[in-house]
Structure formats: C-alpha cells, structure tokens
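Analysis of the macromolecular model
Listed below, chain by chain, are the residues.
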Amino acid sequence: MLAVSNTREDLSVNRRKYPRFKPSRSVLVKEDTGEIINYYHLRDISLGGMYLMKKISSNSERASKYTFLVPDVMETTVEGGVLQTRMNNDGSYGTAVIFGDPKALESVVRAIREL
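Residues numbered from 1 in each chain as written. Predicted model: local features only at pLDDT ≥ 70, side-chain atom pairs only at ≥ 80, totals over all residues. Heavy atoms only, no water.

1. Thoughts on the pairing of strand S5 (residues 77-87)
So the rule is basically this: One requirement defines pairing of two strands: DSSP has to find at least two bridges between them. Secondary structure counts use DSSP, requiring at least four H or I residues in a row for a helix and at least two E residues in a row for a strand, with both numbered from the N terminus.
Looking at chain direction, strand S4 (residues 64-68) and S5 are connected through four bridges and run antiparallel. Each bridged residue has a counterpart across the sheet, and for tyrosine 66 the counterpart in S5 is valine 78. Pairing between S5 and strand S6 (residues 93-99): seven bridges, direction antiparallel. Paired with glycine 80 across the bridge in S6 is phenylalanine 99.

In structure tokens form, the structure reads like this:
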C-alpha cells in the first residue's frame with residue numbers, strides 16, 4: 001500500500017521538479033508583455049520557473065517574454081506565464097513565473113549559477 005503524506009514540508013519538496021537556487025549577485029530580468037516592458041530583480045530560478053521580486057500579476061495575465069540581463073545570455077529570451085503572486089513572511093512580495101520550455105533555460109541557469 002502506498003503511504004501518502006500531507007504535511008506542508010512533504011508537499012513543498014515534492015512540488016519541485018527542478019532544483020531552485022538564488023543567484024550570488026543581483027540579476028535583472030526584463031519582461032516584455034508586447035504592450036509594456038518592465039524590469040525586476042530575480043530572487044531565485046530553476047529550469048522550471050523563477051520568482052521575481054516586487055512583480056504583481058494575476059493568473060489571467062498572458063505569457064510574457066523574459067530576457068536575463070547577464071553577460072553571454074542577454075540574447076536569450078524565454079516565454080513564461082504567471083503561476084502566482086504572493087506576499088512573503090518578511091513583508092516582501094513578488095510573482096512566481098513558470099517556463100513553457102525548460103530546455104530553453106539551460107544556458108541561462110548555467111550562466112546565472114556561474115556569477
């Protein structure tokens with residue numbers, strides 16, 4: 001019989017398909033919605049998604065194009081959609097973005113990890 005655990009810790013561990021990490025230096029991310037361009041600070045990233053500080057969005061927002069302002073990958077633009085916007089325990093806020101194609105992020109994640 002398969003045991004199922006419903007603790008918050010187990011759910012957060014099992015939700016992540018790709019390891020997430022925080023960059024060692026500040027990374028700006030340019031978001032282009034097709035109508036407006038915004039810039040945000042990257043809090044963390046994985047092949048599956050990222051968390052942008054101080055971005056407020058709704059789940060109904062359409063996909064945006066994101067460019068990471070990091071040497072060697074500034075020409076790489078990826079598409080992502082809003083997963084959720086949330087207020088953190090420390091009073092900061094931001095938005096989780098999920099990527100459509102994790103393979104497209106391999107060079108970006110590698111470059112950010114090497115900062």
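2. Here's the deal with the pattern of salt bridges
Note on pairing: side chains with opposite charge can pair once their charged atoms come close. Rules: The working definition used for a salt bridge is a side-chain nitrogen of Lys or Arg within 4 Å of a carboxyl oxygen of Asp or Glu. The cut-offs for exposure are 20% and 50% of the maximum accessible area for each residue type, with area from a 1.4 Å probe on protein chains only; residues under the lower value are buried, those over the upper are exposed, and the others partly exposed.
Counted by the stated rule, this structure contains four salt bridges. For lysine 55, the salt bridge is made with glutamate 31, and the minimal N-O distance between the two is 2.8 Å. In this pair, lysine 55 is assigned in the loop between strand S3 (49-53) and S4 and glutamate 31 in strand S1 (residues 28-32), connecting sequence segments 24 residues apart. One exposure class covers both lysine 55 and glutamate 31, and it is buried. A salt bridge links glutamate 106 to lysine 103; its shortest N-O distance comes to 3.6 Å. A relative accessible area of 35% means that glutamate 106 is categorised as partly exposed. Look at lysine 103 and you get exposed, because its relative accessible area is 60%. Shared partners join several salt bridges into a network, and the residues in it are Arg20, Arg43 and Asp44.

3. Observations concerning the environment of methionine 53
If you trace the backbone, methionine 53 turns up in strand S3. The sequence separation of methionine 53 and arginine 86 amounts to 33 residues, and the corresponding C-alpha distance is 10.0 Å.

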